[in-house]
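Single-letter residue listing:
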Amino acid sequence: MAARLHTASGEIFVKGLPRSHPQIRAQQWEADLGVKVAPIGPRLLWDVEAGGWSLLGFEYIAGRQASYAPGSPDLLLLAQTLTELGERPLPAVALEPVEWRWAEHVDDPADLERFAGDTLVHTDLNPANVLITKKRSHLVDWAWAGRGAVWLDAALAVIWLLTSELHTPASAEAWAATMPAWHQAPARSLDVFAAANAAKWSEIAEHEEWAQGLCHAARLWAAHRSR
């Protein structure tokens, strides 16, 4: 469940899961990260267990969803936020390494090491998870956060930019190149990552209609990298 509470002390955003839910571990990661990611993400205000539920209360960010259209000023704010995230030390939270998520989609298992690292990465840069305020962009929904290579979020954002069908792979990569982290990625690592995402989203799209746009975008980027 998700709710916006209007209280005497202000507005609060609440996320909740039954303790028996299979994603309860991800909810705990969000709780652990909630006091460490502000102001990039919303600050955790409280963590309550009651009636068989886990409930997290976050500060409410009164922002709008980011626009990933070419030329959008939101893209500059997102690049600044991802750079800030990449420069932070890894928080003392039991985060899983993210490279395993592509284990079934690389030809050489050794290539997974290309995606490994000691940077906190968000990994779910759906524009609905990027809120724009007057001063900056904020990343919300940290359920898929983990530990990985510093350039992973920039690379994953490239795929999201391509879902708009207004960017080209070259223009999306040009935006990513405004971030120092992008230049820490060897070209071969980007090639392998693009191919792995194309394979992953193609498999998901066979069963999930909502994944069609990401499938097309990932394939487009992989084709560009293969050239």
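Structural data are supplied above this passage.
Along each chain, numbering runs from 1 in the same order as the chain's sequence is written. Local features in this predicted model are restricted to residues whose pLDDT is 70 or higher, and side-chain atom pairs enter the listing and the counts only when it is 80 or higher, whereas totals over whole chains, interfaces and linings include all residues. Hydrogens are left out, water is left out, and the side-chain values use all remaining heavy atoms of the structure.

Student: Whenever I open this one, the environment of Asp 141 confuses me. Can you help?
Tutor: Structurally, Asp 141 can be placed in the loop between strand 8 (137-139) and strand 9 (146-148). Type-normalised accessible area, obtained with a 1.4 Å probe on protein chains alone, sets the label of each residue: buried when under 20%, exposed when over 50%, and partly exposed for intermediate values. Classification of Asp 141 by relative accessible area gives partly exposed; the value is 27%. Contacts are assigned to residue pairs with any non-hydrogen atoms lying within 4.5 Å of each other. Ignoring sequence-local partners within four residues, the contact set of Asp 141 consists of Lys 15, Glu 30, His 122 and Asn 129. Residues adjacent in sequence count toward polar contacts only when both atoms are side-chain atoms; beyond that, a polar contact is any pair of N or O atoms within 3.5 Å, and within protein one must be able to donate a hydrogen and the other to accept it. Within the structure, Asp 141 has its side chain in polar contact with the backbone nitrogen of Ala 143 (distance 3.5 Å). For helices the rule is a DSSP run of H or I covering at least 4 residues; for strands it is a run of E covering at least 2, with both sets numbered from the N terminus onward.

Student: What's the story with the pairing of strand 3 (residues 44-50) in this structure? I'm lost.
Tutor: Successive residues of a regular strand alternate their side chains across the two faces of the sheet. Relative to strand 4 (residues 53-59), strand 3 is paired through six bridges, and the arrangement is antiparallel. Following the sheet pairing, Leu 44 is matched in strand 4 by Phe 58. Strand pairing follows a simple DSSP-based rule, namely that at least 2 bridges must link the two strands. Here strand 3 folds back onto strand 4, and the loop between the two strands holds two residues, one of which, Gly 51, carries a positive phi near 60°.

Student: Just to check I follow, could you spell out the packing of aromatic side chains for this structure?
Tutor: Pairs of aromatic rings are described using the distance from one ring centre to the other and the angle between the two planes. Ring pairs are drawn from Phe, Tyr and Trp, using the six-membered ring of Trp, whenever the two centres fall within 6.5 Å, and their geometry is named by plane angle: stacked under 30 degrees, edge-to-face over 60, tilted for the rest. On inspection of all chains with the given rule, the structure shows seven aromatic pairs. For the pair Trp 151 and Phe 193, a centre-to-centre distance of 5.5 Å together with 90° between the ring planes defines the contact as edge-to-face. Separated by 42 residues along the polypeptide, Trp 151 in the loop between strand 9 and helix 3 (152-162) and Phe 193 in helix 5 (residues 187-205) bring together distant segments of the chain. Each member of the pair, Trp 151 as well as Phe 193, carries the same accessibility label: buried. A positively charged side chain is recorded as over a ring if its NZ (Lys) or CZ (Arg) lies within 6 Å of the ring centre. The angle to the ring normal must also be within 35 degrees. It is Lys 200 that lies over the ring of Trp 201; its NZ or CZ is 6.0 Å from the centre.

Student: Help me understand the environment of Glu 84, please; the structure alone is not making it clear to me.
Tutor: Inspection of the secondary structure assignment puts Glu 84 in helix 2 (residues 73-87). A sequence separation of 95 residues divides Glu 84 from Met 179, and the C-alpha atoms of the two residues are 9.8 Å apart. Once residues within four sequence positions are removed from consideration, Glu 84 is found in contact with Pro 39, Ile 40 and Arg 136.

Student: Sorry if this is basic, but what is going on with unusual backbone geometry here?
Tutor: What you tend to see is this: most non-glycine residues have negative phi, and most peptide bonds are trans. Of the consecutive residues Ala 38 and Pro 39, the connecting peptide bond is found in the cis state with omega at 0°. Even without being a glycine, Thr 123 presents a positive backbone phi close to 75°. By the element assignment, Thr 123 lies in the loop between strand 6 (119-121) and strand 7 (130-132).

Student: I'm lost on the sheet that holds strand 7 in this one. Help?
Tutor: One key point about sheets: their strands pair by backbone hydrogen bonds, in either a parallel or an antiparallel sense. As summarised here, the arrangement of the three strands in space is 5-7-8, forming an open sheet in which the pairing is antiparallel. The outermost strands of the open sheet, each flanked by one partner alone, are strand 5 (64-65) and strand 8. Pairing between strand 7 and strand 8: three bridges, direction antiparallel. Bridge pairing in strand 8 links Leu 131 to His 138.

Student: Looking at this structure, I do not really get the sheet that holds strand 1 (residues 2-7). What am I missing?
Tutor: If you trace the four strands from one edge of the open sheet to the other, you get 1-2-4-3, paired in antiparallel fashion. The outermost strands of the open sheet, each flanked by one partner alone, are strand 1 and strand 3. The average angle at which neighbouring strand axes cross in this sheet is 25°, direction not considered. Relative to strand 4, strand 2 (residues 10-18) runs antiparallel, the two being bridged by seven bridges. Counted as the bridge partner of Ile 12 is Glu 59 from strand 4. Axis definition: a line fit to C-alpha positions, over the contact stretch in the case of helices; interaxial angles, taken between N-to-C directions, run 0 to 180 degrees.

Student: Can you help me understand the packing of helix 3 against helix 6 (residues 212-226) in this one?
Tutor: Packed helices, taken two at a time, are described by the angle between their axes plus the distance between the axes. Two numbers describe how helix 3 lies on helix 6: the axes approach to 8 Å, and their chain directions differ by 115°. Here helix 3 runs over helix 6; the crossing is right-handed. Facing helix 3, whose interface residues are Ala 155, Val 158, Ile 159, Trp 160 and Leu 162, helix 6 presents Leu 214, Ala 217, Ala 218, Leu 220 and Trp 221. Gly is put with the polar residues, along with every residue not named as nonpolar or charged; the nonpolar set is Ala, Val, Leu, Ile, Met, Phe, Trp, Tyr, Cys and Pro, and the charged set is Asp, Glu, Lys and Arg. In the contact of helix 3 with helix 6, the residues fall into 10 nonpolar, no polar and no charged. Crossing handedness is defined as follows: a turn of the near helix away from the far one that is anticlockwise and smaller than a right angle gives a left-handed crossing, while the clockwise case is right-handed.

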